Amino acid sequence: MSAAAVKVSAVSRVFRAQGGKGSEVHALSDVDLTVASGEFVSLIGPSGCGKSTLLRLVADLDTPTSGSIEVFGREARQARLARDYGIAFQQAGLLPWRTVRANIELPLALSGTGKAGRRERADHLLELVGLADFADHHPDQLSGGMQQRVAIARALAEEPSLLLMDEPFGALDEMTREHLQTQLLRICAETRAAVVFVTHSIPEAVFLSDRVVVMSPRPGRIREVVEVTLDRSAAVGATASGPAEAGDTGDALRNDAAFFSSVAAVREALHGGAVPARGVDLR
Ligand SMILES: Nc1ncnc2c1ncn2[C@@H]1O[C@H](COP(=O)(O)OP(=O)(O)OP(=O)(O)O)[C@@H](O)[C@H]1O
């Protein structure tokens, strides 16, 4: 059997004040999480519960205080060096001196893809994120949401088997956001990529995920894991359309009774009988 996409075992991360004095922040405490190959898992929870910390550890942008992390059976560091995954984080992180096209082509250039192959792939991705007319623009000529779409296209450039995404749609208007959610479902169905996806939106988590991991803060822990079983075949099979026509893609799924009952289940897990968690979109 092939290795899990991500295996987080007994991971804790404690941030200490500089010089080792002062208070400690237990950002994560004894977290276990396995993400299967091709599985879509969202992390949700109140601000400060360690979602971004967990994602950064998987991406090897930070190191656990204790515990271990494997990506496709390799240590996180080896996986990063092997470029086993694509990343799209809150900040688009584009290179300002390169055009949109050149930003999207960058990972392909680094891995030695030829010019024609890069161009073809970039054209496809530009269509996918609705930016075909902006290929020759520079990032500072785009809105924040458009920059984020470029970052998503760049993350998808190498058709990675794992995508690590930290609120990639947070800055987008609702229509573009729903369009890209549907596109992401489709891309994952096509490429069979596993995804670890941080979000503050319960409907977004439910729409996209096979499992929603609900976290709680101080210390950051996994509180509950909600399985989501929705029939996504229609949304995944729908024809690709531009953001302006996004209203009808995935709508049936978003209006399905099973969708609402999963939203309610995640909401209940988040509240845990207490007051609503701050920093989480409870719509
Ligand atoms: N580099 C750091 N140094 C010190 N403390 C940190 C650092 N990074 C994160 N923390 C702390 O760890 C805790 C978890 O932070 P993290 O960013 O992972 O939360 P989050 O769930 O992603 O929050 P949000 O939803 O607001 O993005 C917070 O208390 C935060 O202040």
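Under an unreviewed UniProt entry, the name given to the chain is Sulfonate ABC transporter ATP-binding lipoprotein, and the source organism is Cellulomonas soli.

K.L.:
Please explain the packing of helix α3 (residues 100–110) against helix α5 (residues 144–156) as it appears in this structure.
P.N.:
Remark: α3 packs on α5, axes separated minimally by 7 Å, with the N-to-C direction vectors making an angle of 30°. In this view, α3 runs roughly parallel relative to α5, as classed from their interaxial angle. The two elements α3 and α5 meet at a crossing, and its hand is right-handed. Contacts between α3 and α5 involve Val 100, Asn 103, Ile 104, Leu 106 and Pro 107 from the former and Val 150, Ala 153 and Arg 154 from the latter. Taken together, the residues of the contact of α3 with α5 break down into six nonpolar, one polar and one charged.

K.L.:
Looking at this structure, I do not really get the environment of Pro 219. What am I missing?
P.N.:
With respect to the helices and strands, the residue Pro 219 is situated in the loop between β9 (211–216) and β10 (221–227). The contact partners of Pro 219, leaving out residues within four places of it in the chain, are His 26, Leu 28 and Ser 29.

K.L.:
Explain the site of the ligand to me, please; I cannot follow it from the model alone.
P.N.:
Around the ligand there are 13 residues in total, and Phe 15, Ala 27, Ser 47, Ser 52 and Thr 53 lie nearest to it. Of all the elements in the fold, those that place two or more residues in the shell around the ligand are β2 (24–35) and α1 (51–58). In terms of residue count, the dominant contributor to the shell around the ligand is α1 (three residues).

K.L.:
Explanation requested: the pairing of strand β7 (residues 162–166) in the structure shown.
P.N.:
Regular strands show a simple pattern: their side chains alternate between the two faces of the sheet. Burial runs high along β7: five of the five residues are buried. Side chains of β7 alternate between two faces, with Leu 162, Leu 164 and Asp 166 and Leu 163 and Met 165 buried alike. One ladder, built from four bridges, connects strand β6 (residues 85–88) with β7; its direction is parallel. Note that in β7 the partner of Ile 87 across the bridge is Leu 164. Sheet topology places β7 next to strand β8 (residues 194–198); five bridges connect them, and they run parallel. Looking across to β8, one finds that Asp 166 is bridged to Val 198. Taken together, β7, helix α6 (residues 174–191) and β8 form a β-α-β motif whose crossover is right-handed.

K.L.:
Honestly, the confidence of the model for the chain in this entry has me stumped. Any pointers?
P.N.:
Per-residue confidence for the chain gives a mean pLDDT of 86, with 90% of residues at or over 70. Per-element averaging of pLDDT across the chain places helix α8 (residues 233–237) at the bottom with 79 and strand β3 (residues 40–44) at the top with 97. Note on residues 239–248: pLDDT under 50 across the span, and twelve contacts to partners over four residues away in sequence or across chains. Low confidence marks residues 274–278, where pLDDT is under 50. Its contacts with residues over four positions away, or in another chain, come to eight contacts. As scored by the predictor, the complex reaches a pTM of 0.87 and an ipTM of 0.98.

K.L.:
Just to check I follow, could you spell out the domain arrangement of the chain for this structure?
P.N.:
Taken as a whole, the chain is organised into domain 1 (1–84 + 163–171 + 182–283) and domain 2 (92–159). On the domain 2 side, the residues contacting the nine residues of domain 1 number eleven residues. Classifying every residue of the side of domain 1 that touches domain 2 by side-chain character gives five nonpolar, three polar and one charged.

K.L.:
So what exactly am I meant to see when it comes to helix α10 (residues 257–271) here?
P.N.:
One full turn of an α-helix is made of 3.6 residues, so residues set three or four places apart face in the same direction. The terminal C-alpha atoms of α10 lie 21 Å apart, and with 15 residues this matches the ideal 21 Å at 1.5 Å per residue to within 8%. Ser 262, Val 263, Val 266, Ala 269 and Leu 270 are the residues of α10 that are buried. The buried side chains of α10 occupy one side of the element, clustering within an arc of 125° when seen end-on. Those residues of α10 that are exposed and angled more than 90 degrees off the buried face are Ala 257, Ser 261 and Ala 264. At its buried positions, α10 is contacted by β3, α7 (202–208), β9 and β10. Phi for Gly 272, located one or two positions after α10, is positive at around 55°.

Scoring rules and cut-offs
Residue indices begin from 1 for each chain and proceed along its sequence in written order. A pLDDT threshold of at least 70 governs which residues receive local features in this predicted model, and a stricter bar of 80 or more applies before side-chain atom pairs are shown or counted, although totals over entire chains, interfaces and linings include all residues. Axes here mean lines fitted to C-alpha atoms, for a helix over just the part in contact, with angles spanning 0 to 180 degrees between N-to-C directions. We count a stretch as a helix when DSSP gives it H or I for four or more residues in a row; a strand needs E for two or more, and each element gets its number in order from the N terminus. Any angle between 65 and 115 degrees counts as roughly perpendicular, while under 35 counts as roughly parallel, over 145 as roughly antiparallel, and the rest as oblique. It is the rotation of the near helix from the far one that decides the hand of a crossing: anticlockwise by less than a right angle makes it left-handed, clockwise makes it right-handed. For the purpose of contact definition, each residue receives a C-beta atom placed from its backbone, and two residues are in contact when these atoms lie within 7 Å. Under this grouping Gly is polar, as are all residues other than the nonpolar Ala, Val, Leu, Ile, Met, Phe, Trp, Tyr, Cys and Pro and the charged Asp, Glu, Lys and Arg. A residue counts as near a molecule or strand when its C-beta atom, positioned from the backbone, falls within 6 Å of it. Each residue is classified by how many other C-beta atoms fall within 10 Å of its C-beta atom, where C-beta atoms are placed from the backbone; a count of 20 or more means buried, 12 or fewer means exposed, and values in between mean partly exposed. Strand pairing is assigned whenever DSSP detects at least two bridges linking the two strands. Whether a crossover is right-handed depends on one test, that the path from the first strand over the helix to the second runs clockwise when the strands point away from the viewer. pLDDT expresses how confident the predictor is about each individual residue, on a scale running from 0 to 100. The domain limits used here are those given by an automatic or database domain assignment. A helix is expected to reach a length of 1.5 Å times the quantity of its residues less one. Regarding the arc, it is the one traced by the directions from the helix axis to the C-beta atoms.

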